[in-house]
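# Report on the structure
Each chain is listed here by its residues.
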Amino acid sequence: MNHTSSGESTVSLLNNYFKLQENGTTARTEVIAGVTTFLTMAYIIFVNPSILGDAGVPKDAVFVATCLAAALGSLMMGLYANYPIGMAPGMGLNAYFAYAVVLGMGVPWQTALGAVFISGILFVLVSVFGLRAMIVNGIPHSLRTAITVGLGLFLGLIALKSAGIVVANPATMVSAGDLRSAPAIMAVIGFLLIVTLDRLRVRGAILIGIVAVTVASFFFGGNTFKGIFSAPPSLAPTLLQLDIGGAIGVGILNVVLIFFLVELFDATGTLMGVASRAGLLVDGKMERLNRALLADSAAIVAGSALGTSSTTAYIESAAGVQAGGRTGLTAVVIALLFLACLFISPLAGVVPPYATAPALLFVACLMLRDLGNIDWDETTESIPAAICAVAIPFTYSIAHGIAFGFITYAMLKLLTGKVREVKPIVWVIAAAFTFKYAYAGA
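Residues numbered from 1 in each chain as written. Predicted model: local features only at pLDDT ≥ 70, side-chain atom pairs only at ≥ 80, totals over all residues. Heavy atoms only, no water.

## Brief notes about the packing of aromatic side chains
Within this structure, the stated rule accounts for 5 aromatic pairs. Measuring from ring centre to ring centre gives 6.5 Å for phenylalanine 123 and phenylalanine 260, while their planes differ by 85°; the resulting arrangement is edge-to-face. On the criterion of sequence distance, the pair formed by phenylalanine 123 in helix H6 (residues 109-128) and phenylalanine 260 in helix H12 (residues 252-277) is long-range, its members being 137 residues apart. For phenylalanine 123, a relative accessible area of 0% corresponds to the buried category. For phenylalanine 260, a relative accessible area of 7% translates into the label buried. (Phe/Tyr/Trp six-rings, centres within 6.5 Å; stacked < 30°, edge-to-face > 60°. Helix = DSSP H or I, 4+ residues; strand = E, 2+ residues; numbered from the N terminus. Buried < 20%, exposed > 50% of the residue type's maximum accessible area, 1.4 Å probe, protein only.)

Structure follows, in structure tokens:
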């Protein structure tokens, strides 16, 4: 009897806090939705340590930081904003952190973490003072789209390099690698498996693909099994190792502004997209958007302190929404599952780069779909967008790509007499980048 009443009071508590009935859902549905979303985004616990590890960040500590940042972010999104949206270190931003900032610019990873921290603080301020709408609405749709597409191309290049399908060549800069090598063949099979499973609407398609290639690597890639469960590794090598002073010294424009802009567009687009799919928009707006953005920005700050690149809302949350998730209880379930993952670090440690490469390439391909949303007939919009998207992978720098895009956009609008179409924020960013190139070099 007591057991029953205790169960009923728990359901009643959940119902009151998350407004389950009001949103037309049940605790059971929310739990299933949380598990569904978790399965679609769990690949990040394997991919993130692999990417940041390439930049010299201690992999075991990154694994713990990834799980904790995802749990913390999802918990804040669930308990504070009451949205069914999972959070974790973002794809694209981790690649920018590792390959463009640390390896490309020679910035120590501690300094890069400092830059993530500052960008998170800026994001908090923008959310608190309600400046988000002014910035997002002030930057043209074509350039916002181009940044996403450019990130996709950048991710694709990194994925093909990790798989050994693309290699450096002194004569042509890049060329095809040994396509008969075991890693390249396994990566191709893994990619085809992920796309096929995703098309057939199999939950956790990306995770299944990573696991399948990892299993194959024991037979064909000389990989060795190190067990599944263990106590969580130490977080000490990355905890509070961020160098904020160093980040300011590197230059706000170089790194911080890029993190900030991409975080802002990524978070806003993802939140609106998932909320729209869940039917949670009121008159086309999210009622608690500022709360959701505050949860997002607070997670970035916390994640950088723990030792990982920017944490953000995941578009994979749409899978949980599809399964019926409508409230923050879904996000709380995601958070608890990420915490449980802390005890499977040996499993994460055996995943080779060519097993995560198919996941990167798949995400990269999905990021290119927005190309169709650009008005290609209006060349003062489409040309800057194309310059931005193409320059990101070709310069191996998101910062240069965004800079070239903004400067080209401002110049073409000026030269064609369309100055009134340019919002003040675009002039500010274009002028800042122009000044940087003129007086500080690349």
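## A word on the layout of surface pockets
One number sums up the size of the second largest pocket: a volume of about 360 Å³. Lining the second largest pocket are 13 residues, with Leu157, Val174, Pro393, Phe394 and Tyr396 positioned closest to its centre. Of all the secondary-structure elements, those providing two or more residues to the lining of the second largest pocket are helix H8 (141-162), strand E2 (166-169), strand E3 (173-176) and helix H18 (379-395). (1 Å grid on protein atoms, 1.4 Å probe; cavity = no way out; pocket = protein on both sides within 12 Å on 5 of 7 lines; lining within 4 Å. Points joined across faces, edges and corners; volume = space filled by probe spheres on them.)

## Remarks on unusual backbone geometry
Backbone geometry at methionine 173 places phi at a positive 75°, although glycine is not the residue there. Here methionine 173 lies in strand E3. Here methionine 173 falls in the exposed class, since its relative accessible area comes to 69%. For leucine 240, which is not glycine, the phi dihedral falls at a positive 55°. As for its placement among the helices and strands, leucine 240 is situated in the loop between helix H10 (205-220) and helix H11 (244-250). Overall, leucine 240 belongs to the exposed group, its relative accessible area being 59%.

## Remarks on the pairing of E3
In the sheet, E2 pairs with E3 via 4 bridges, with the strands oriented antiparallel. Looking at the pairing, valine 166 lines up with alanine 176 of E3. Where E2 hands over to E3, the hairpin turn is made up of 3 residues, counted between the paired strands. (Pairing = 2+ DSSP bridges.)

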